[in-house]
Amino acid sequence: MKKIILIGLFLYTFLLNAANGVQLEGGFKVGPAIILISILVLFVLVGVFNQAKDTSDYYAAGRSISRVGSGMAIASNWMSAASFLGMAALMYGSGYHGLAYVVGWTGGYVLLLILMAGQIRKYGKYTAPDFIGDRYYSTGLRAVSAIVAILISISYCVGQFGGIGLMFKWVLGLDYYWSVIIGGTVVLAYTMISGMLGVTKNMQIQYVIIIVSFLIPLFMMTFKFDYFWLLPQIGYGAAVSDIVNGIPAPEISNLLNAFGHDFAILPSPEYAMPWDASTGQTFFQWMAIVFSLMLGTAGLPHVIQRFYVVPRARDARWSVVWGLFFISILYWSAPVFSALGKILSANPEIGQLAPDAIVIYTAQIANLNPLIVGFLAAGAISAAFSTVSGLLVAGASAFSHDLYFKVLNPDSTPKKQMFMARMATILMTIIVMAIAMLKLALIAQLVALAFSLAAVTIFPLFLLGIWWSGSNKKGAIAGLTVGLTVAGISLVYFLSAKYGWALPGQEFFTFWLGAWYFAWIGAPLAILTNIVVSLFTEETPYEIRKFLVEKVHT
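Residues numbered from 1 in each chain as written. Predicted model: local features only at pLDDT ≥ 70, side-chain atom pairs only at ≥ 80, totals over all residues. Heavy atoms only, no water.

Here we look at the overall build of the protein
Okay, so step 1: Helix and strand content of the protein: 23 helices and 0 strands.
Okay, so step 2: In the protein, buried positions account for 58% of the 554 residues.
Okay, so step 3: For the protein, the proportion of contacts with a sequence separation of at least 24, taken over those separated by at least 6, is 83%.
Okay, so step 4: Put simply, the protein shows about 20,800 Å² of open surface, and 70% of that area lies on carbon and sulfur atoms. (Helix = DSSP H or I, 4+ residues; strand = E, 2+ residues; numbered from the N terminus. Buried < 20%, exposed > 50% of the residue type's maximum accessible area, 1.4 Å probe, protein only. Contact = heavy atoms within 4.5 Å. Areas by Shrake-Rupley, 256 points an atom, 1.4 Å probe, with all protein chains shown as cover.)

Below, the structure written as structure tokens:
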């Protein structure tokens with residue numbers, strides 16, 4: 001026993017001394033690397049011991065997950081790199097305006113709870129395209145919605161792979177591109193082994209890692225810098241006041257960051273303003289982002305698919321309640337990192353830090369124990385991995401189940417379907433890696449793009465498909481066409497602005513149809529088009545209307 005204790009103390013001392021606590025970029029960090037590798041090995045082992053034995057396991061975890069377990073998986077699946085890293089990044093760079101993402105994403109789950117969770121489970125399908133194809137009695141709609149689900153999954157994954165690349169770069173000291181490749185290869189390995197069953201089990205473990213690694217530094221930093229540490233989520237309000245009012249150096253000369261800089265900071269009142277000319281943001285953009293993220297949350301294929309893994313509709317509703325509770329713990333905490341990061345990096349010698357890594361940088365500059373910082377980085381990677389695995393399964397399911405099995409080859413065996421799902425997972429991973437290397441935008445912004453796409457395509461089909469039996473195939477096709485048209489216009493102008501192409505009406509379309517919030521107009525237009533066309537075309541078949549009344553809304 002004494003030998004084990006001595007070995008443990010030796011390893012702890014070795015890791016403590018080996019890790020470089022204030023090196024913001026580059027360099028291999030031994031302690032954080034060992035933590036990271038240990039966690040990744042754990043993820044792979046969980047996948048190995050919870051392998052998908054059949055298509056039911058691969059698509060829906062055998063419908064065997066409990067309410068609390070599903071809630072933890074929902075939270076883990078949801079708290080991506082955009083939540084763990086991206087929200088603090090947005091608030092670090094734009095202050096109050098970044099809260100639009102917190103409000104939009106949280107409100108979206110409330111929308112799901114009220115409008116969809118129980119009804120989706122009662123309908124009894126495996127995937128979002130499966131529901132759309134059956135509800136609107138259309139093979140063509142099934143195929144198109146499957147393609148849309150794959151595009152949404154790829155768009156969402158790009159932001160996560162960006163987060164994975166940043167964290168692997170920080171821990172291992174590798175080039176960003178190699179970091180993306182290594183991280184993507186690991187998540188691909190255990191996703192292919194596990195399917196939804198192993199992925200869901202992993203998500204429960206990942207949630208614990210995510211939330212513990214996120215909260216420990218908050219308590220330590222607020223205690224160290226004399227804010228209300230018993231509840232950092234409230235105590236950081238004093239830090240925001242310090243940013244707004246400024247801090248004269250002599251008043252707190254006893255408080256220093258890891259580089260020996262004091263806390264002097266010039267007044268920055270715009271940090272706490274929701275929309276101000278100095279931030280470059282407007283009231284319209286704030287509201288448009290909130291609206292788009294809310295509807296997009298309720299239309300994301302990998303989120304909808306989580307309601308199929310529980311035994312009953314009641315469990316689906318309770319899993320959302322538990323998921324909201326688990327999510328709120330992190331969402332309530334993210335602004336603390338942005339506020340403390342703003343103060344700690346105020347010295348001109350540090351300058352403006354890379355926003356997407358501000359969570360890690362804040363802990364480093366606060367001079368926390370390197371192992372704590374390493375654990376925080378591992379939490380960020382866990383957040384990205386948990387979301388990516390769910391997205392890859394959702395995209396692969398859309399291809400294998402909805403495109404290959406339901407459209408291209410209805411006679412295929414379950415074994416062949418599993419093979420096609422795994423091939424689709426590999427192909428999606430390669431595509432996502434390639435796009436992530438382009439560094440098109442901040443993590444949270446890339447994720448917001450996926451939400452807007454979901455809001456104008458899948459959300460209207462689910463909303464009307466569940467709650468209005470009059471919505472028919474032609475109405476759905478027309479609404480989906482309008483939604484995709486708005487999304488296409490927005491993406492064309494986003495890419496043109498990114499690469500300096502001059503298009504007619506560039507400024508107008510870039511502002512009113514921004515890639516992060518074009519759903520503010522796209523979703524209502526898609527819904528309205530669906531309703532109008534459905535009213536003037538043939539009625540929904542009797543069997544479907546009867547099923548909605550007797551099975552979905554009882």
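Observations regarding helix 15 (residues 334-344)
Okay, so step 1: A large share of helix 15 lies buried, amounting to 10 of its 11 residues.
Okay, so step 2: Within the sequence span of helix 15, burial applies to Ala 334, Pro 335, Val 336, Phe 337, Ser 338, Ala 339, Leu 340, Gly 341, Ile 343 and Leu 344.

Some details on the confidence of the model for the protein
Okay, so step 1: Summarising the model, the protein shows a mean pLDDT of 80, and 84% of its residues fall at 70 or more.
Okay, so step 2: No element of the protein has a lower mean pLDDT than helix 1 (residues 2-18), which averages 39, and none a higher one than helix 22 (residues 519-535), which averages 97.
Okay, so step 3: Low pLDDT, under 50, characterises residues 1-22; the predicted model gives this stretch 21 contacts beyond four residues in sequence or across chains.
Okay, so step 4: Under a pLDDT of 50 for its full length, residues 59-64 has, in the predicted model, 29 contacts with residues more than four places off or in other chains. (pLDDT = per-residue confidence, 0-100.)

What to know about the pattern of salt bridges
Okay, so step 1: Tallied over the full model, the rule gives 4 salt bridges.
Okay, so step 2: Notably, a salt bridge pairs Arg 142 with Asp 402, separated by 3.4 Å at the nearest N-O pair. One end of the pair, Arg 142, is in helix 9 (residues 139-172); the other, Asp 402, is in helix 17 (residues 370-408), and 260 residues separate them in sequence.
Okay, so step 3: Judged by relative accessible area, Asp 402 falls into the buried class, the value being 0%.
Okay, so step 4: Notably, a salt bridge pairs Glu 539 with Arg 545, separated by 3.6 Å at the nearest N-O pair.
Okay, so step 5: Residue class for Arg 545 comes out partly exposed when judged on its relative accessible area of 22%.
Okay, so step 6: Where salt bridges share partners, they join Asp 130, Arg 142 and Asp 402 into one cluster. (Salt bridge = Lys/Arg side-chain N within 4 Å of Asp/Glu carboxyl O.)

Some words on the nonpolar core
Okay, so step 1: Ranked by internal contacts, the top residues of the largest apolar core, which has 161 residues, are Phe 84, Trp 105, Met 116, Phe 161, Leu 330, Val 359 and Phe 462.
Okay, so step 2: When residues of this core are assigned to their parent elements, the largest contribution, 18 residues, is made by helix 9. (Core = buried A, V, L, I, M, F, W, Y, C linked by side-chain atoms within 4.5 Å.)

Re the side chain of Ser 382
Okay, so step 1: Relative to the helices and strands, Ser 382 is located in helix 17.
Okay, so step 2: Excluding residues within four positions of it along the chain, Ser 382 makes contact with Ile 39, Phe 43, Gln 206, Ile 209 and Ile 210.

Looking at helix 2 (residues 30-49)
Okay, so step 1: The end-to-end C-alpha distance of helix 2, which contains 20 residues, comes to 29 Å, matching closely the 28 Å that a straight helix rising 1.5 Å per residue would cover.
Okay, so step 2: If you check which residues of helix 2 are buried, you get Val 30, Gly 31, Pro 32, Ala 33, Ile 35, Leu 36, Ile 39, Leu 40, Phe 43, Val 46 and Gly 47. (Expected span 1.5 Å × (residues − 1).)

Details of the packing of helix 5 (residues 81-94) against helix 15
Okay, so step 1: Across the interface, helix 5 lies against helix 15 with an axial gap of 8 Å and an inter-helix angle of 40°. For the element pair helix 5 / helix 15, the angle class is oblique. Where helix 5 crosses over helix 15, the handedness of that crossing is right-handed. In this structure, helix 5 contributes Met 87, Ala 88, Met 91 and Tyr 92 to the contact, and helix 15 contributes Ala 334, Pro 335, Phe 337, Ser 338, Gly 341 and Lys 342. (Axes fitted to C-alpha atoms, helices over the stretch in contact; angles between N-to-C directions. Parallel < 35°, antiparallel > 145°, perpendicular 65-115°, else oblique. Left-handed = near helix turned anticlockwise from the far one by under 90°.)

Some details on the environment of Gly 260
Okay, so step 1: Topologically, Gly 260 is positioned in the loop between helix 11 (232-245) and helix 12 (283-297).
Okay, so step 2: As a C-alpha pair, Gly 260 and Ile 365 span 105 residues in sequence and 9.5 Å in three-dimensional space.

Quick notes on the environment of Trp 178
Okay, so step 1: Topologically, Trp 178 is positioned in helix 10 (residues 176-224).
Okay, so step 2: Through-space distance from the C-alpha of Trp 178 to that of Met 437 is 9.6 Å; in sequence the pair is 259 residues apart.

Observations regarding unusual backbone geometry
Leaving glycine out, the prevailing phi sign among residues is negative, and the prevailing peptide bond configuration is trans.
Okay, so step 1: A positive phi angle, close to 40°, is found at Tyr 137, a residue other than glycine.
Okay, so step 2: As for its placement among the helices and strands, Tyr 137 is situated in the loop between helix 8 (128-135) and helix 9.
Okay, so step 3: Notably, Asn 367 is not glycine yet its phi reads approximately 65°, a positive angle.
Okay, so step 4: Looking at where Asn 367 falls in the secondary structure, it is placed in the loop between helix 16 (358-365) and helix 17.

Some points on the packing of aromatic side chains
Okay, so step 1: For the coordinates displayed, the defined rule picks out 21 aromatic pairs.
Okay, so step 2: Judged by centre distance (4.3 Å) and plane angle (20°), the rings of Phe 131 and Phe 462 are stacked. Of this pair, Phe 131 sits in helix 8 while Phe 462 sits in helix 19 (residues 443-467); the two residues are 331 residues apart in sequence, bridging distant segments of the chain.
Okay, so step 3: Ring geometry for Tyr 207 and Phe 326: centres 4.9 Å apart, planes at 55°, overall tilted. (Phe/Tyr/Trp six-rings, centres within 6.5 Å; stacked < 30°, edge-to-face > 60°.)

Some details on the packing of helix 9 against helix 18 (residues 414-436)
Okay, so step 1: In contact at an axis separation of 8 Å, helix 9 and helix 18 are set at 55° when each is read in the N-to-C sense. Between helix 9 and helix 18, the angle falls in the class oblique. Remark: the crossing between helix 9 and helix 18 carries right-handed chirality. In this structure, helix 9 contributes Ser 153, Ile 154, Cys 157, Val 158, Phe 161 and Gly 162 to the contact, and helix 18 contributes Met 428, Thr 429, Ile 431, Val 432, Met 433, Ile 435 and Ala 436.

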